[in-house]
Amino acid sequence: MYRVTTNGNYNLVLSNIMLAQQKQMDAGNKVATQKNGSNLKEYAPHAEMLTAMRSVESRLGGYLDQNKLIADKLTTQDFALTQLHDSAASTKQAIEEAIATGRTDTLMQEIEAQFRNAVSALNSRYGGKYLFAGGKIDTQPVNADALSDLTDPATPLISDFFDNDDFITEHKVDDATIVKTGLLADKIGAPLMAAFKALQAFEEGPDGPFTGNMTDAQRTFLEGELSNVWDKVASDIVDVTARNGMVQARVDNVKEDLVARQNSLKGMIGDIVDADMPTASVELEKATIALQASTQVFLTLRDSSLLNALK
């Protein structure tokens with residue numbers, strides 16, 4: 001036999017009201033935040049998995065941030081290499097035009113301008129650091145300023161005009177891939193500087209200078225330089241540019257893979273932490289109705305006490 005008392009009924013109804021309020025609050029938070037919880041304790045069954053996935057997501061984000069900088073650097077290198085090739089190609093064209101016209105009036109002026117373009121390309125910087133200086137990022141890798149510097153007796157070797165070291169920059173672009181992004185000024189520019197030096201030495205020699213009508217000796221020299229030197233110099237720079245482009249493509253491919261992995265991981269994390277909004281809305285509505293019902297029961301109980309019946 002159960003004993004029914006007013007006090008016991010009040011306690012039961014108040015307990016139901018508090019429970020309904022808590023459910024309404026939880027459902028309201030889920031709808032407002034669109035999350036199933038606000039801390040790992042609320043994801044206890046999946047806490048270890050979530051921690052691991054968050055760690056992987058953070059690592060992927062770090063690789064993506066780094067790869068953006070690497071891609072920007074490689075793009076800058078591509079611009080510099082293109083400028084270097086244009087310098088070689090324009091010099092080659094100037095020689096061809098001089099041979100075709102038999103005139104050398106402005107040949108050396110054009111070659112001087114292309115030499116300066118080449119030096120500017122080899123001294124290119126990214127983020128305030130010299131691209132082709134190896135580990136000596138604060139040191140200008142090419143120290144020649146004019147064609148006449150190349151034939152200075154005090155600096156007889158082409159290597160005298162390069163101040164870079166032999167350090168090749170490498171970057172880890174994901175957990176399993178390391179790419180070499182560094183290029184050295186002397187490796188890509190020494191043949192070009194040697195070709196410029198040969199032109200300047202001839203200009204200063206007994207068969208120079210290049211002015212007015214081209215002499216037979218000048219024609220023979222320029223034709224030899226054109227076929228034996230400048231074709232190869234321009235071709236070698238194209239090869240270096242192509243290798244830089246291959247590294248760019250590899251970094252881009254890794255980036256696409258990282259983005260795909262990151263999106264997949266975000267989806268897996270979302271399946272755990274993101275609330276199912278239609279279901280959450282239904283739960284909120286149910287909790288609200290339950291609270292209203294519990295409140296109504298409390299009001300009914302208050303108005304139907306034994307004291308009221310005895311009045």
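Before any of the text, the structure's been laid out above.
Fair warning: this is a prediction, and the values are worked out from it, not measured in the lab.

1. What to know about the overall build of the protein
- Looking only at helices and strands, the protein has 8 helices and 4 strands in total.
- Ordered by position in the sequence, the α and β elements of the protein form the string α-α-α-β-β-α-β-β-α-α-α-α.
- Across the 311 residues that make up the protein, the buried fraction comes to 36%.
- For the protein, restricting intrachain contacts to residue pairs at least 6 apart in sequence, the fraction spanning at least 24 positions comes to 74%.
- Counting every atom, the protein has about 17800 Å² of accessible surface; 55% of that belongs to carbon and sulfur.

2. Observations regarding the packing of helix H3 (residues 107-122) against helix H5 (residues 185-204)
- Between H3 and H5, whose axes approach to 11 Å, the crossing angle comes to 160°. Looking at the two axes, H3 sits roughly antiparallel to H5. Remark: the crossing between H3 and H5 carries left-handed chirality. Packed against H3, whose contacting residues are Met108, Ile111, Gln114, Phe115, Ala118 and Leu122, the element H5 presents Ala185, Ile188, Gly189, Leu192, Met193, Phe196, Leu199, Gln200 and Glu203 at the interface.
- Classifying every residue of the contact of H3 with H5 by side-chain character gives 11 nonpolar, 3 polar and 1 charged.

3. Quick look at the pairing of strand E3 (residues 170-174)
- Pairing of E3 with strand E4 (residues 177-180), which is carried by 4 bridges, proceeds in the antiparallel orientation. Across the sheet, the residue bridging to Lys172 is Ile178, located in E4.
- In this structure, the hairpin formed by E3 and E4 is closed by a connection of 2 residues.

4. Brief notes about H5
- Counted at 1.5 Å a residue, the expected span for H5 with its 20 residues is 28 Å, and the 26 Å between its end C-alpha atoms agrees.
- The largest bend in H5 is about 30°, located at Pro191.

5. Comments concerning the packing of aromatic side chains
- The tally for this structure, following the rule as stated, stands at 4 aromatic pairs.
- Seen in terms of ring centroids, Phe196 and Trp230 are 5.2 Å apart; in terms of plane orientation they differ by 75°. Their pairing is edge-to-face. Placement of Phe196 in helix H5 and of Trp230 in helix H6 (residues 216-273) is noted, with a sequence separation of 34 residues between them.
- Between Phe202 and Phe221, the aromatic rings sit 4.1 Å apart at their centres with planes inclined by 5°, giving stacked as the arrangement. Within this pair, whereas Phe202 is found in helix H5, its partner Phe221 is found in helix H6, the two being separated by 19 residues in sequence. Considered together, Phe202 and Phe221 belong to a single accessibility category, that of buried residues.
- Through pairs of rings, three or more aromatic residues link up here, namely Phe115, Phe196 and Trp230.

6. Thoughts on unusual backbone geometry
- For the bond from Gly208 to Pro209, the omega torsion is -5°, close enough to zero to count as cis.
- By secondary structure assignment, the location of Pro209 is in the loop between H5 and H6.

7. Let's talk about the pattern of salt bridges
- Following the criterion strictly, the structure yields 8 salt bridges and no others.
- Among the salt bridges present, the one from Lys92 reaches Asp231, with a minimum N-O distance of 3.3 Å. With Lys92 in helix H2 (residues 47-101) and Asp231 in helix H6, this residue pair connects regions lying 139 residues apart in the sequence.
- One salt bridge in this structure joins Asp236 and Lys232, with 2.8 Å as the shortest N-O distance. Taken as a pair, Asp236 and Lys232 lie in helix H6 at a separation of 4 residues, close to a single helical turn.
- Residue class for Asp236 comes out partly exposed when judged on its relative accessible area of 29%.
- Put simply, Lys92, Glu96 and Asp231 are held in one network by salt bridges that share partners.

8. Some points on the nonpolar core
- Counting 44 residues, the largest nonpolar core has Leu192, Met193, Phe196, Leu222 and Trp230 as the members making the most contacts within it.
- Elements with a minimum of two residues in this core: H2, H3, helix H4 (147-150), H5 and H6.
- Among the nonpolar cores identified, the runner-up in size contains 14 residues, and Met53, Leu60, Val254 and Leu258 belong to it.

Quick notes on the rules
- Residues numbered from 1 in each chain as written.
- Predicted model: local features only at pLDDT ≥ 70, side-chain atom pairs only at ≥ 80, totals over all residues.
- Heavy atoms only, no water.
- Helix = DSSP H or I, 4+ residues; strand = E, 2+ residues; numbered from the N terminus.
- Buried < 20%, exposed > 50% of the residue type's maximum accessible area, 1.4 Å probe, protein only.
- Contact = heavy atoms within 4.5 Å.
- Areas by Shrake-Rupley, 256 points an atom, 1.4 Å probe, with all protein chains shown as cover.
- Axes fitted to C-alpha atoms, helices over the stretch in contact; angles between N-to-C directions.
- Parallel < 35°, antiparallel > 145°, perpendicular 65-115°, else oblique.
- Left-handed = near helix turned anticlockwise from the far one by under 90°.
- Nonpolar A, V, L, I, M, F, W, Y, C, P; charged D, E, K, R; others polar.
- Pairing = 2+ DSSP bridges.
- Expected span 1.5 Å × (residues − 1).
- Bend = angle between axes of the 7 residues up to and from the residue.
- Phe/Tyr/Trp six-rings, centres within 6.5 Å; stacked < 30°, edge-to-face > 60°.
- Salt bridge = Lys/Arg side-chain N within 4 Å of Asp/Glu carboxyl O.
- Core = buried A, V, L, I, M, F, W, Y, C linked by side-chain atoms within 4.5 Å.

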